[in-house]
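# Examining the three-dimensional arrangement
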Amino acid sequence: MIETFPTSAALAAAATAACHAALISAIDHRGGASLVATGGRSPAPVYDQLCRSRLDWSRVAVTLSDDRFVPSTSPDSNERLLRERLLVEAAAAARFVSLSRPADSPQAAADLAEPEIVALGSYDMLLLGMGEDGHVASLIPGSPVLEAGMDPAGDRLLLGVPAGVGSPPVARITMTMPALLRARATLILISGETKRAIVEDGAGLPVHALLEQAKAPVRILWTP
């Protein structure tokens, strides 16, 4: 289940190749492609390589699995990470769909972004990290909206997450589990023995719900 890479650079190269192949295939077969990206340290080296990929980025839509409800200029903003590391060079031509809209609350921001996420349909590649509490996106154990976000029968693709959970414990906008399962392919990028043990030995956490479903293929890429 877990694909092991000797270094973070090797993991990043494998993830970049998988993303490139998925986007190229989608453009060739459907005329356009979509990528759902994530924040954190693990994907940043992927973005540094992927932004130079030779493909028609004008046919690619990019969004996030989750973001903090902060200005896009904030160091805590996942959107800022994408704008600085992915949406540059060749990839600057991609269309970006923001989650954190100007609004009075994270749920209001989610409501504003939802129609554009719905319009994306199925995503060609979903990149995720995982926290040491087993969370994916901002489906965080202890969150007051976790049950709604994990509901497989839920009809929302985005939810606002009140402040108080996660690190930093700021308000967030997150894709729900039904939204994550719209991906045609998913890569989860993790590092360290603690996270490997969570995947292999844990149970009942958001990441396990994603791994145990049969709707969409998931690859786990790990480096020590």
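Right above here is the structure, for reference.
Since this is a predicted model, take the numbers as computed values, not measurements.

The strand order across the open sheet formed by 7 strands is E1-E10-E9-E6-E2-E3-E5, and the pairing between neighbours is parallel. Every interior strand has two partners, whereas the edge strands, strand E1 (2-4) and strand E5 (95-96), have only one. The strands touched by helix H1 (residues 8-30) are strand E2 (33-37), strand E3 (60-64), strand E6 (125-128), strand E9 (186-191) and strand E10 (218-223); relative to E10, the strand with the most contacts, the crossing angle is about 155°. Across the face of the sheet, helix H3 (residues 78-85) comes into contact with E2, E3 and E5 while running at roughly 145° to E3.

Okay, the pairing of E3 next. For E3, the tally of buried residues reaches 5 of 5 residues, placing the bulk of the element in the interior. Alternating residues of E3 divide into Val-60, Val-62 and Leu-64 and Ala-61 and Thr-63, and every residue in both groups is buried. The sheet contact formed by E2 and E3 spans 5 bridges and is parallel. Within E3, the position partnered with Val-36 by the bridge is Thr-63. Sheet topology note: the E3/E5 ladder contains 2 bridges and is parallel. Bridge pairing links Val-62 to Phe-96 in E5.

Inspection of every chain in the model, using the stated rule, returns 0 aromatic pairs. Above the ring of Trp-222, the side-chain terminus of Arg-196 is found at 4.5 Å from the ring centroid.

How each quantity is defined
- Residues numbered from 1 in each chain as written.
- Predicted model: local features only at pLDDT ≥ 70, side-chain atom pairs only at ≥ 80, totals over all residues.
- Heavy atoms only, no water.
- Pairing = 2+ DSSP bridges.
- Helix = DSSP H or I, 4+ residues; strand = E, 2+ residues; numbered from the N terminus.
- Contact = heavy atoms within 4.5 Å.
- Axes fitted to C-alpha atoms, helices over the stretch in contact; angles between N-to-C directions.
- Buried < 20%, exposed > 50% of the residue type's maximum accessible area, 1.4 Å probe, protein only.
- Phe/Tyr/Trp six-rings, centres within 6.5 Å; stacked < 30°, edge-to-face > 60°.
- Lys NZ or Arg CZ within 6 Å of the ring centre and 35° of its normal.

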